[in-house]
Amino acid sequence: MTKLPAPKPWIAEIHAYVPGKSAGADGRPLIKLSANENPLGTSPAALLARDHAVKPSLYPDPDSHALRKALGALHGIDPARIVCGTGSGELLAIAAGCYAGPGDEVLYVRYGFSLYDIAARRCGATPVIAPDDDYGTDVDALLALVSERTRVVFIANPNNPTGSYLPQGEIARLHAALPGDVLLVIDQAYAEYVAPEDDDGALALAETAGNVLVTRTFSKAYGLAGDRVGWATGAAELIGTMNRIRGPFPLSNSAQAATLAAVEHQEFVDHSRRHNAAERARFVTALGGLANHGLRPVPSEANFVLVLFEGKLTAETAYNGLAAQGYIVRWLPGQGLPHGLRITIGTAEQMNDIVRILRDLAKAA
Ligand SMILES: *Cc1c(COP(=O)(O)O)cnc(C)c1O
């Protein structure tokens, strides 16, 4: 028998990340409401800047200076306390890898973001999962599971795939009750979709607390998922630690050019937020008309709605019925949600279609 390299046992236990699909089972392309991308596309200013980026024969700025300066100015953060990554997903993994390892625990909620499981396991730590509160994040349930082995707590706010949101008071209460040597990672991938007056205070906490890291992304409201750019901010010590192991050139030339222009074009982000808030409200109201068929939307502050199917029409039948009519959404049996579909908020026309198709399917069930 030839010997073969053996992966570390904790790596062998990882189930690879499952991205939102863009085609049906038969390979036919479908309208994609499965990955929370921006239905309005990308800021034209960002697209233009991308075309004029530094030529690809040259290495990019390893420290993304111009982008960090612009982000610092926009959010009132010292650019020295910002680290950029190839998507915020990479930064979540780096954060876990800096502070947790074999024998340690990484804590997050049931129905949390699926990448937390991978981030925890890839550094050999043990994932610990707190029960939800009717699909929302339960601060007391999380705190009850903090042990002397807990090293990192991941919270997505708004959360994916539920869309649920913890207000500022709950974030503050969670932080106040955590030991100072536990890193609290607040993943704000959907923060741009939250009304400014409903801010959860995470950026302010990351400025003053020594154990809070906030992650952000250009993949959602900024409409730049394909350019793979995320950033994180926290205490100088946290950022310095992450800088030690991050990729040497995490952002390409075109990604740096596009995101810099996108930061400077906040009208596009504001327009995306307003579009999303209006269409999400219209969608949730329309779903109210299907409550007698057992359809229940989980209250969402994000650019998607998790719809629970608690009547005769199952999520699986609805998923297949939507695909037959040209739409791919996210069915999540692998995340303990065989009875739910996560539907990204698309254009008004697309949302009208979705409601019409769901209504027909519910009546036929
Ligand atoms: C989409 C998403 C991200 C962003 O991932 P990127 O790697 O930046 O594209 C991070 N966290 C959550 C909860 C998300 O839904």
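It should be noted that the structure appears before, not after, this text.
To keep things clear, this report deals only with the structure shown in the data block. (Residues numbered from 1 in each chain as written. Predicted model: local features only at pLDDT ≥ 70, side-chain atom pairs only at ≥ 80, totals over all residues. Heavy atoms only, no water.)

Take the packing of helix α4 (residues 88-99) against helix α9 (residues 236-245) next. Axis separation between α4 and α9 bottoms out at 10 Å; the angle between their running directions is 100°. Comparing their axes, α9 and α4 come out roughly perpendicular. Note on element contacts: α9 touches α4 through E237, L238, T241, M242 and I245, opposite L91, I94, A95, C98 and Y99. For the contact of α4 with α9, the residue count by class is 8 nonpolar, 1 polar and 1 charged. (Axes fitted to C-alpha atoms, helices over the stretch in contact; angles between N-to-C directions. Helix = DSSP H or I, 4+ residues; strand = E, 2+ residues; numbered from the N terminus. Parallel < 35°, antiparallel > 145°, perpendicular 65-115°, else oblique. Contact = heavy atoms within 4.5 Å. Nonpolar A, V, L, I, M, F, W, Y, C, P; charged D, E, K, R; others polar.)

Let us now look at empty space enclosed by the protein. Inspection of every chain in the model, using the stated rule, returns 1 cavity of 30 Å³ or more. Taken as a whole, the largest cavity spans an internal volume of roughly 30 Å³. Every residue lining the largest cavity is listed: N38, P39, L40, Y193, S272, H275, N276, N303 and I345. Taken together, the residues of the lining of the largest cavity sort by class into 4 nonpolar, 5 polar and no charged. (1 Å grid on protein atoms, 1.4 Å probe; cavity = no way out; pocket = protein on both sides within 12 Å on 5 of 7 lines; lining within 4 Å. Points joined across faces, edges and corners; volume = space filled by probe spheres on them.)

Here the focus is the site of the ligand. Lining the immediate surroundings of the ligand are 13 residues, of which D187, Y190, T217, S219 and K220 lie closest. Separating an oxygen atom of the ligand from a backbone N or O atom of G89 is a distance of 3.0 Å. In this structure, K220 approaches the ligand through a side-chain N or O atom, which is 3.2 Å from an oxygen atom. Burial of the ligand by the surrounding chains reaches 91%, relative to a free accessible area of 380 Å². Cavity membership is defined here by more than half of the atoms lying within 2 Å of grid points; on that basis the ligand lies in the second largest pocket. Tallied by class, the residues present in the shell around the ligand amount to 4 nonpolar, 6 polar and 3 charged. (Near = heavy atom within 4 Å. Polar contact = N/O pair within 3.5 Å; in protein donor to acceptor, adjacent residues only side chain to side chain. Areas by Shrake-Rupley, 256 points an atom, 1.4 Å probe, with all protein chains shown as cover. Sits in = over half its atoms within 2 Å of the grid points.)

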